[in-house]
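Structural overview for review
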Amino acid sequence: MEVKLHDIGEGMTEAVVIHYFVKKGDDVKADQPLVEVQTDKMVAEIPSPAAGTVLDIFVPEGQTIAVGTTLLSLQTEAVGHEQAKEQAAVTVEAEVEIESEPVIGEPARTNESKTKPQRILASPYTRKIAREHGIDLSLIQGTGPAGRITDEDVYRYLQGQQAPTQQEQATQLVAPAAEREPASVTVTKEETKEEMIIPFRGRRKQIAKKMTQSLFTIPHCTHFEEIDVTELIALREELKEHNVNISATAFFIKALSLALKQFPIFNAKLDEENECIRLEKEHHFGIAVDTEEGLIVPVIKNIEKKSLRQIHDEAKALTKKAMENQLSLAEMTGGTFTISNVGPLGGSIGATPIINYPEVALVAFHKTKKRPVVMENDEIAVRSMMNLSMSFDHRVADGATAVAFTNYFTKRIENPKLMLMELI
């Protein structure tokens, strides 16, 4: 039986093979995880379709493959079960004879143990760095979320800054003396001329495809607005005195939801085939999160029905899961509107964000700065000002509608207690 990469959500076309949980000759049970793959949205495990024995593994770790590619083969017939194990064992023995010389940084291989391989968390690029330097990732202690091994962990290991583990010490006992020399990284004048190569695959490649599709499909128009958030900041401080901590993002999200009730054209999808614009009833907001492996957009569902505290708690939880690469498919799909808050990153004063196709609008919040402002009574006061940029599909809405939408939003953020009255 062949185990293939199947579509695990939203029409994916390819994935990166991250890690195998089994090896040739291993007995597996039905639904036992066989291999871990990474798509543009998530890391997923592919389970065994039936009980049997692993005959062969066809795709190496770190390789990008298309949907439908055969990953490994299983012997599932009861009669041929022992024969399959013997066949796989012979293959393993042959490989051990060919690779009898230990590889630097890797433990000597044997066919005497069938211990389940350790699950290693690392991005495809991190694994590539390790392969290029002949490093076994199981020897490295990860410092990232959930013990994930980062690029920096690998480089530190190369420079000998990590204490050797017991497994590494065992490796050094069997390796030739020349291979036991500490690894060092030196940079020469010739090496500085060499270009650095970053693999263009996995999530980064999928992000590129999505952005290209959006820009070549949607005629983008971006509207900019300046918002006085002084009163919002004061309200948040007042709430903190009562042990209520609500993020500014939660206020932004709720105010946008109120604005969408008045301007539902921005919570829609254009159906060109049936020549209609479909207005979405629910407000499902995608929250753009910048992670170590690229941009990812978890979705908070039914904003229109949730309180500020619920929005705050859910946004915080989804952001944490996104950073740890622990989001489920359901938590990353179904969005109707997207926001991006780059202000906390020390972001710019403006940008032209790309719409998350097939949605029709995206709002980005930028850095807040204190500066002198001329008030309505012509007095000058120091206020906290934030820039907003809104990209929208010009096929679906016009600039005047976008201005009216942001004006409605601005009024509620500049007078947050007025917004609270609409929530009662």
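Position labels on residues start from 1 in each chain and follow its written sequence. Only residues with pLDDT of at least 70 are given local features in this predicted model, and only at 80 or more are side-chain atom pairs given and counted; all residues enter the totals for whole chains, interfaces and linings. Hydrogens and water molecules were not included; the side-chain quantities draw on all heavy atoms of the structure.

1. Thoughts on the overall build of the protein
Cut-off, in case you're wondering: Secondary structure elements are defined from DSSP: runs of H or I of at least 4 residues count as helices, runs of E of at least 2 residues count as strands, and each element is numbered from the N terminus. Relative accessibility under 20% of the residue-type maximum defines a buried residue, over 50% an exposed one, and the middle range a partly exposed one, all with a 1.4 Å probe and only protein chains included. Any pair of residues with heavy atoms lying within 4.5 Å of one another is described as a contacting pair. Surface exposure here means Shrake-Rupley accessible area, sampled with a 1.4 Å probe, where a residue is shielded only by the protein chains that are shown.
Within the protein, the secondary structure is distributed over eleven helices and 18 strands. Every one of the 424 residues in the protein was classed for burial, and the buried ones make up 43%. Sequence-distant contacts, at least 24 apart, represent 65% of the contacts inside the protein between residues at least 6 apart. Surface summary for the protein: the accessible area is close to 22900 Å², and the carbon and sulfur share equals 52%.

2. Topic: the nonpolar core
This is how it is decided: Here the nonpolar core consists of buried residues drawn from Ala, Val, Leu, Ile, Met, Phe, Trp, Tyr and Cys, with membership extended through side-chain atoms lying within 4.5 Å.
Leu71, Phe266, Phe337 and Phe405 are the most contacted members of the largest nonpolar core, which has 69 residues in total. Ranked by residue count, the leading element in this core is helix α8 (residues 248–262), at nine residues. Formed by twelve residues, the second largest nonpolar core is a distinct cluster that contains Ala122, Ile140, Ile149 and Val154.

3. Quick look at unusual backbone geometry
Tyr357 connects to Pro358 through a cis peptide bond whose omega is 10°. Tracing the chain through its elements places Pro358 in the loop between β16 (337–341) and β17 (361–374). Located in the positive-phi region is Asp31, a residue other than glycine, with phi close to 75°. Take Asp31: it is sitting in the loop between β3 (27–28) and β4 (33–38).

4. A word on the packing of α8 against helix α10 (residues 399–414)
Applicable threshold: Under this scheme, a helix contributes an axis fitted over its contacting stretch, all axes are lines through C-alpha atoms, and angles between N-to-C directions fall in the 0 to 180 degree range. Working definition: roughly parallel below 35 degrees, roughly antiparallel above 145 degrees, roughly perpendicular at 65 to 115 degrees, and oblique for all remaining angles. Left-handed is the label given to a crossing in which the near helix is rotated counterclockwise from the far helix by less than a right angle, and right-handed is the label when the rotation is clockwise.
The geometry of α8 relative to α10 is characterised by a closest axis approach of 9 Å and an angle of 135° between their N-to-C directions. It follows that α8 is oblique to α10 by the angle criterion. Read as a crossing pair, α8 and α10 show a hand that is right-handed. Within the contact between the two elements, α8 uses Phe251, Phe252, Ala255, Leu256, Leu258, Ala259, Leu260 and Gln262 and α10 uses Phe405, Tyr408, Phe409, Arg412 and Ile413.

5. Digging into the sheet that holds strand β15 (residues 299–300)
Filter applied, for reference: Pairs of strands are assigned from DSSP output, requiring at least two bridges between the strands.
The six strands lie next to each other as β9-β18-β17-β16-β12-β15, forming an open sheet whose pairing is mixed. The outermost strands of the open sheet, each flanked by one partner alone, are β9 (220–228) and β15. By the bridge criterion, two bridges tie strand β12 (residues 285–287) to β15 in an arrangement that is antiparallel. Bridge pairing links Gly286 to Val299 in β15. Against the sheet, α8 makes contact with β12, β15, β16, β17 and β18 (380–393), and its axis sits at roughly 150° relative to β16, the strand it touches most.

6. A word on the sheet that holds β4
On the basis of which strands lie adjacent, the open sheet formed by four strands has the order β5-β4-β2-β7 and antiparallel pairing. With partners counted over all chains shown, the strands left at the sheet margins are β5 (43–47) and β7 (64–66), one partner each. Direction aside, the axes of adjacent strands within the sheet are offset by 45° on average. Judged from the three bridges that link them, strand β2 (residues 14–20) and β7 form a sheet pairing that is antiparallel. When the sheet's bridge partners are listed, Val16 is paired in β7 with Thr64.

7. So, the pairing of β4
It is a general feature of regular strands that their side chains alternate between the two faces of the sheet. Of all the six residues making up β4, five are buried; the element is thus mostly covered by neighbouring parts of the structure. Both β4 and β5 contribute to a ladder of five bridges, which runs antiparallel. Directly across from Gln38, in β5, lies its bridge partner Val43.

8. Details of the packing of aromatic side chains
To keep things clear, this is the line we draw: A pair of Phe, Tyr and Trp rings is counted when the ring centres sit within 6.5 Å of each other, with Trp represented by its six-membered ring. The angle between the planes then sorts it: under 30 degrees is stacked, over 60 is edge-to-face, the rest tilted. To sit over a ring, a charge needs its Lys NZ or Arg CZ within 6 Å of the ring centre and within 35 degrees of the ring normal.
As enumerated under the stated definition, the model contains nine aromatic pairs in all. One aromatic cluster is present, formed by Phe263, Phe266, Phe285, Phe337, Phe392, Phe405 and Tyr408 through successive ring pairs. Over the aromatic face of Tyr408 sits the side chain of Arg412, whose NZ or CZ is 3.6 Å from the ring centroid.

9. So, the side chain of Thr336
Relative to the helices and strands, Thr336 resides in the loop between α9 (308–323) and β16. Among the residues examined, Thr336 registers a relative accessible area of 3% and is labelled buried. When neighbours within four sequence positions are excluded, Thr336 is seen to be in contact with Phe266, Asn267, Lys269, Glu280, Glu282, His283, His284 and Glu359.

10. Structural notes on the pattern of salt bridges
Let me state the cut-off plainly: By definition here, a salt bridge exists when the distance from a side-chain nitrogen of Lys or Arg to a carboxyl oxygen of Asp or Glu is within 4 Å.
Within this structure, the stated rule accounts for 16 salt bridges. Here Glu226 ties to Arg371 by a salt bridge, and the two come within 1.9 Å at their closest N and O atoms. Of this pair, Glu226 sits in strand β9 while Arg371 sits in strand β17, placing them 145 residues apart in sequence. Given the relative accessible area of 32%, Arg371 is considered partly exposed. For Asp228, the salt bridge identified is with Arg383, shortest N-O distance 2.8 Å.

11. Some details on the confidence of the model for the protein
Let me state the cut-off plainly: Confidence of the prediction at every residue is given by pLDDT, a number between 0 and 100.
Mean pLDDT over the protein: 81, with 79% of residues reaching 70 or higher. Confidence, expressed as mean pLDDT per element, reaches its minimum in the protein at helix α4 (residues 166–174) with 45 and its maximum at β12 with 97. Below pLDDT 50 for its whole length, residues 163–185 participates in 23 contacts with residues either more than four positions away or in separate chains.

12. Brief notes about the packing of α8 against α9
Each pair of packed helices gets described by two things: the angle between the helix axes and the distance between those axes. Definition in use: Polarity classes work like this: nonpolar for Ala, Val, Leu, Ile, Met, Phe, Trp, Tyr, Cys and Pro, charged for Asp, Glu, Lys and Arg, and polar for all others, with Gly in that last group.
Where α8 contacts α9, the axes come no closer than 9 Å and their chain directions differ by 120°. Comparing their axes, α9 and α8 come out oblique. Between α8 and α9 lies a crossing whose hand is right-handed. Every residue of α9 that contacts α8 at Ala250, Phe251, Ile253 and Lys254 is listed here: Leu308, Ile311 and His312. In the contact of α8 with α9, the residues fall into five nonpolar, one polar and one charged.

13. Let's talk about the pairing of β18
For β18, the buried fraction is high: ten of the 14 residues fall into the buried class. Relative to β18, β9 runs antiparallel, the two being bridged by nine bridges. Across the sheet, residue His223 finds its bridge partner in β18, namely Met390. Bridging between β17 and β18 involves twelve bridges; their strand directions are antiparallel. Bridged to Ala364 within β18 is Ser389.

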